[in-house]
There are 2 protein chains.
Amino acid sequence: MDSLGIALLGCGTVGRGVTQLLLNQADRLAARAGRSLVLRKILLRNPAKYTSYPPRELVTSDYASILADPSIEVVAELIGGTTDAKEYVLAALAAGKHVVTANKALLAEHGTAIFRAAEKAGRVVAFEASVAGGVPIIAAIGQSLAANQILSIQGILNGTSNFILTAMADRNQTYVDALAEAQALGYAEADPTLDVDGSDAAHKLAVLVRLGFGIELSVSQINRRGIDQIHSMDLRFAQELGYTIKLLAEAWLTERQVALHVSPVLLRQTSMLAQVRGAFNAIQVVGDVVGETLYQGPGAGMMATASAVVADLIDVAIGRAQRTFPHLRIWSATSGDFRVRDPLTVRSRFYLRLMVADRPGVLADITRLLAEQQISISSVIQHEAIDESGEGTVPLVIMTHSAQAGAFASAVERINRLAGVSSPGVSYTVAD
Amino acid sequence: MDSLGIALLGCGTVGRGVTQLLLNQADRLAARAGRSLVLRKILLRNPAKYTSYPPRELVTSDYASILADPSIEVVAELIGGTTDAKEYVLAALAAGKHVVTANKALLAEHGTAIFRAAEKAGRVVAFEASVAGGVPIIAAIGQSLAANQILSIQGILNGTSNFILTAMADRNQTYVDALAEAQALGYAEADPTLDVDGSDAAHKLAVLVRLGFGIELSVSQINRRGIDQIHSMDLRFAQELGYTIKLLAEAWLTERQVALHVSPVLLRQTSMLAQVRGAFNAIQVVGDVVGETLYQGPGAGMMATASAVVADLIDVAIGRAQRTFPHLRIWSATSGDFRVRDPLTVRSRFYLRLMVADRPGVLADITRLLAEQQISISSVIQHEAIDESGEGTVPLVIMTHSAQAGAFASAVERINRLAGVSSPGVSYTVAD
């Protein structure tokens, strides 16, 4: 069979990994794909910026020449972002190329347009690398669990956040110190906003929710909170209660609606996701037939993501991607027509930490306001004040039994107005 | 497109699960496969034994009628064992049927004959359900990690053994009590031999090693020890040293040879595999490109295994299995031509527990014999004797640095002959 001609768009970190793999492991990849994977062109907007890499003879800044080249069957989009990437991907599909992409933001925001264009062109979009890097979660949900109705997806999808939370919990670091360490070690970017505010995880969750539930979701429909406001005090209280705080991207089926959010969540220390440390990603997927499954690995990094991109290229070379793509359940019409649940109607347990005046009656007021919303308490921690410099305030931690988010929010709003409560309560959901 | 006609061979636990799924979720499966999955026949050798299930009109005891039925495209072999199953599978392939199987023993012992027959017939053998039930480990190694040279596979592949070890470690149960509990809860069979002696895990490892390293392995080439001789004392000492003992099926590449065994192994308590509790299965796979990945889920059970069998049926219906099978690296010729390493030449750390006389000079003799084999010691535990009824013997635990298995075995043989050593030393490898 002929070789598979490939063009890369962009040659940043992942692009360099893919280039190295294609050039240095050509024999291995040819053996596994049954045909050679030939890197024909690399599109760079500013070729002058790249002095030593990639190989000069592969570089072009002329996308039209890639589109017009009949020897290029597949375009691997690795430039990121949603503007140029969208235009390039749609043009590639229109020109009859298959597309491999690592771009979760693109799929989260323009998935419907891109997937429709692929369908219309009779080409595929393969996107294993778009979520959780080297973890084959797209194949797991899209293929291996095909006999199941997915019941829930819970993911640690942002390695930067997990690294920071692990450092804070293990070594009692503050958020600021842990972030600085993550940056020094290359686990966080100079501007870490999209990682630590939950946006990156929300993009990935949007892709997984589409695949798992067939919901054509807008990212704005995902309530998201990052770890950038997290206080090490809450990690310690969680530990004392037998829990670990992780930034989770969660979606779960409840009464034919899908509840979802990105948020720090308390997980029992014995749960598998609670064990996931450092920059790893992990996703627990529950199916109605199989039960609980878990997938873990490096969520980012040059070679881990390149491994996923090249797996997709092999899938295209073999013709497997062409069988898979038309059968993915990425359209509302192909699934159970699930809707996104109003977050206020979702039920869960809650962790609430308040800074309260160390005087009689405060706990009575707080518990009364919770009771008025039919919220019952499962445990309370209030230690003796150690340090009097806190102007007489002490932390009070309450764990509730299952309650509706709306009712809990109303209770907290009233609690925050109590004279004995010195700052707005900090609350997180508790996974059970 | 026409429906996919299916015959099941056998209707035991997994067969019932598959039958239920095919009959009760027909619409779901048709939507996902793009065509109906139609269960046409169930082969039972003694139909009279099954009074209420499966549906009478599907049952036959005449295999020739299945082979001759052109409306049956795929045969799902769920009878187990290696004699009749082999004959049925070869006949199905010769008759032009695709085969889906959950039978690890069959593939471990007759894989080459069966895969060759499939190749010759231009049909597929799909076997996701043969290893680790609901964990999609065959897809992970065979497809998702295709860009990688696999460096190691470490699996908790026997749920019964893991359940027993978890109960022994958590609740200080003896092996006998933990086994009885596993039997009472349905996690162990009345005759648990194949589970607890490591045979079941060895069969699964043979399948994974073939897929991961292209080695056409005989099960007899796998050194195996089960958990049936394990003493709770060793679990406690391991805990004290910061380790957990798990029954692991391991294969790893070292100097272009593959070392492999099934054995209880000491794992650091912080490692992911050490966290796997109860009847779950988990496999860590390291690839040279992606790094460490981990897959976990239910390793057995009616519906978990049925989920994998039906995923394979969907793959056949879509035509994906037909693309995948010819590209699997299950032949020595397609891989790096790796050989199995002589176990005596493998290096690892070791745990050694001896029962020694509580008198001067014994430790000196033991450490001298280790030193003579160039084995250095990383830690030692010897507690004060609590109970004098043990005829003056106390346990002595030694952890070594990395040593060659042959040298370690020689040292232990000499140590066992020392007058101060009252019974043969118990040793396990330590994973690092």
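Conventions adopted
- Residues numbered from 1 in each chain as written.
- Chains lettered and ligands numbered in written order.
- Predicted model: local features only at pLDDT ≥ 70, side-chain atom pairs only at ≥ 80, totals over all residues.
- Helix = DSSP H or I, 4+ residues; strand = E, 2+ residues; numbered from the N terminus.
- Rg over C-alpha atoms; globule rule 2.2 N^0.38 Å.
- Buried ≥ 20, exposed ≤ 12 C-beta atoms within 10 Å, placed from the backbone.
- Contact = placed C-beta atoms within 7 Å.
- Pairing = 2+ DSSP bridges.
- Least-squares fit on C-alpha atoms with pLDDT ≥ 70 in both.
- Domains from an automatic or database assignment.
- Nonpolar A, V, L, I, M, F, W, Y, C, P; charged D, E, K, R; others polar.
- Axes fitted to C-alpha atoms, helices over the stretch in contact; angles between N-to-C directions.
- Left-handed = near helix turned anticlockwise from the far one by under 90°.
- Expected span 1.5 Å × (residues − 1).
- Arc of directions from axis to C-beta.
- Parallel < 35°, antiparallel > 145°, perpendicular 65-115°, else oblique.

Side note on the overall build of chain A
Thought 1: In terms of regular secondary structure, chain A is built from 15 helices and 18 strands.
Thought 2: The C-alpha radius of gyration computed for chain A amounts to 24 Å, which stays within 12% of the reference 22 Å derived for 432 residues, consistent with globular compactness.
Thought 3: Overall, the C-alpha framework of chain A stretches about 80 × 45 × 35 Å when taken along its three principal axes.
Thought 4: For chain A, buried positions account for 54% of its 432 residues.
Thought 5: Counted over contacts in chain A with a minimum sequence separation of 6, partners at least 24 positions apart contribute 75%.

Some thoughts on the sheet that holds strand E6 (residues 125–126) of chain A
Residue and element names in this part refer to chain A.
Thought 1: In spatial order, the strands read E3-E2-E1-E4-E5-E6; together these 6 strands make up an open sheet with parallel pairing. With one partner strand each, in any of the chains shown, strand E3 (59–60) and E6 form the two edges of the open sheet.
Thought 2: Note: strand E5 (residues 98–101) against E6, 2 bridges, orientation parallel. Each bridged residue has a counterpart across the sheet, and for Val100 the counterpart in E6 is Ala126.

Details of the relation of the copies chain A and chain B
Thought 1: Of the two same-sequence chains, chain A is brought onto chain B (RMSD 0.0 Å, axial shift 0.0 Å) by a rotation of 180°. Both copies of the chain, as the preceding transformation shows, are related through a two-fold rotation axis. Identified as the residue of chain A closest to the rotation axis by C-alpha distance is A:Tyr295, at 2.4 Å.
Thought 2: When you check the interface residues of chain A against chain B, 100% turn up at the interface there too, and the contact is symmetric in its surfaces.

Things to note about the domain arrangement of chain A
Residues and elements named next belong to chain A.
Thought 1: Splitting chain A by domain gives domain 1 (4–133 + 304–329), domain 2 (137–298 + 335–340) and domain 3 (345–430).
Thought 2: If you average the C-alpha positions of domain 2 and of domain 3, the two centres end up 25 Å apart.
Thought 3: Contacts between the two partners involve 14 residues from domain 2 and, on the opposite side, 12 residues from domain 3.
Thought 4: Broken down by secondary-structure element, the contributors of at least two residues to the side of domain 2 that touches domain 3 are helix H11 (232–240), strand E9 (243–254) and strand E10 (257–268).

As for the interface of chain A and chain B
Thought 1: With 45 residues of chain A at the contact, the number on the chain B side is 45 residues.
Thought 2: Secondary structure elements with two or more residues in the side of chain A that touches chain B: helix H2 (26–33), helix H6 (137–144), strand E12 (291–298), helix H12 (302–318) and helix H13 (320–324) of chain A.
Thought 3: Partitioned by chemical class, the residues of the side of chain A that touches chain B number 22 nonpolar, 17 polar and 6 charged.
Thought 4: Inspection of the sheet shows E12(A) paired to strand E12 (residues 291–298) of chain B by 3 bridges, in the antiparallel sense. Pairing of A:Tyr295 across the sheet is with B:Tyr295, part of E12(B).

Remarks on the environment of B:Leu58
Residue and element names in this part refer to chain B.
Thought 1: Here Leu58 is to be found in the loop between strand E2 (37–43) and strand E3 (59–60).
Thought 2: Residues Leu58 and Lys41, spaced 17 residues apart in sequence, show a C-alpha to C-alpha distance of 4.7 Å.
Thought 3: Every residue in contact with Leu58, bar those within four places of it in the chain, is listed here: Leu39, Lys41 and Ile42.

What to know about the sheet that holds strand E1 (residues 4–9) of chain B
Residue and element names in this part refer to chain B.
Thought 1: Read from one edge of the open sheet, 6 strands run E3-E2-E1-E4-E5-E6, paired in parallel fashion. In this open sheet, the two edge strands, each paired with only one partner strand, are E3 and strand E6 (125–126).
Thought 2: Helix H1 (residues 13–24) contacts E1, E2 and strand E4 (74–77) of the sheet and is inclined by roughly 145° relative to E2.

Focus: the packing of H1(B) against helix H12 (residues 302–318) of chain B
Residues and elements named next belong to chain B.
Thought 1: The contact between H1 and H12 brings their axes to 8 Å, and the two run at 60°. H1 and H12 meet at a crossing whose hand is right-handed. Each of Thr13, Val14, Arg16, Gly17, Val18 and Leu21 in H1 lies in contact with H12, whose residues at this interface are Met302, Met303, Thr305, Ala306, Val309 and Val310.
Thought 2: Of the residues contributing to the contact of H1 with H12, the split by class is 8 nonpolar, 3 polar and 1 charged.

A few points about the environment of A:Tyr53
Residue and element names in this part refer to chain A.
Thought 1: As for its placement among the helices and strands, Tyr53 is situated in the loop between strand E2 (37–43) and E3.
Thought 2: Look at Tyr53 and you get partly exposed, because 13 C-beta atoms sit within 10 Å.
Thought 3: Measuring from C-alpha to C-alpha, the distance between Tyr53 and Arg16 comes to 8.0 Å, with 37 residues separating the pair along the chain.

Description of helix H15 (residues 405–416) of chain B
Residue and element names in this part refer to chain B.
Thought 1: A rise of 1.5 Å per residue sets the reference length of H15, with its 12 residues, at 16 Å; its end C-alpha atoms lie 16 Å apart and thus fit the reference within 8%.
Thought 2: Turning to H15, its buried residues number three or more, namely Ala405, Phe408, Ala411, Val412 and Ile415. Within H15, the buried residues cover an arc of 125° as seen down the axis, which keeps them to one side.
Thought 3: Tucked into the core, H15 has its buried residues touching strand E14 (347–357), helix H14 (362–372), strand E17 (403–404) and strand E18 (421–430).

Examining unusual backbone geometry
Thought 1: At A:Ala132, a residue that is not glycine, the phi angle is positive and equals roughly 60°.
Thought 2: Checked against the element boundaries, A:Ala132 lands in the loop between E6 and H6.
Thought 3: You will see that B:Gln374, though not glycine, has its phi angle at about 65°, which is positive.
Thought 4: Secondary-structure assignment places B:Gln374 in the loop between H14 and strand E15 (377–381).

A closer look at the pairing of E10(A)
All names here are of chain A.
Thought 1: Among the 12 residues of E10, 10 are classified as buried, and the element is accordingly described as predominantly covered.
Thought 2: Where strand E8 (residues 223–224) lies against E10, 2 bridges are found, and the strand directions are parallel. Bridge pairing links Arg224 to Val262 in E10.
Thought 3: Linking E9 back to E10 in an antiparallel pair, the connection comprises 2 residues, with Glu255 at a positive phi of about 50°.
Thought 4: Note: E10 against strand E13 (residues 339–340), 2 bridges, orientation parallel. The residue of E13 that forms the bridge with Gln257 is Arg339.
Thought 5: Judged from the 2 bridges that link them, E10 and strand E18 (residues 421–430) form a sheet pairing that is parallel. Bridged to Val265 within E18 is Thr429.

Some points on the packing of helix H4 (residues 84–94) of chain A against helix H5 (residues 104–121) of chain A
Residue and element names in this part refer to chain A.
Thought 1: Between H4 and H5, the least distance of the axes is 9 Å, while the angle of their chain directions is 10°. In terms of orientation, H4 and H5 fall into the roughly parallel class. Facing Ala85, Lys86, Val89, Leu90, Leu93 and Ala94 of H4, the residues of H5 in contact are Leu106, His110, Ile114, Ala117, Ala118 and Ala121.

Focus: H2(A)
Residues and elements named next belong to chain A.
Thought 1: Residues of H2 that are buried include every one of Leu29, Arg32 and Ala33, and no others. The arc that holds the buried residues of H2, viewed along the axis, is 90°, so those residues lie on one side.
Thought 2: Where H2 is buried, its residues meet strand E1 (4–9), helix H1 (13–24), E2 and H12.
Thought 3: Just downstream of H2, Gly34 is the residue with a positive phi angle, here 75°.

Some words on the environment of B:Tyr88
Residue and element names in this part refer to chain B.
Thought 1: Its location among the elements puts Tyr88 in helix H4 (residues 84–94).
Thought 2: Since 22 C-beta atoms lie within 10 Å of it, Tyr88 is described here as buried.
Thought 3: On a C-alpha basis, the gap between Tyr88 and Glu77 in space is 7.9 Å, while along the polypeptide they are 11 residues apart.
Thought 4: Setting aside chain neighbours within four positions, we find Tyr88 in contact with Leu9, Tyr63 and Glu77.

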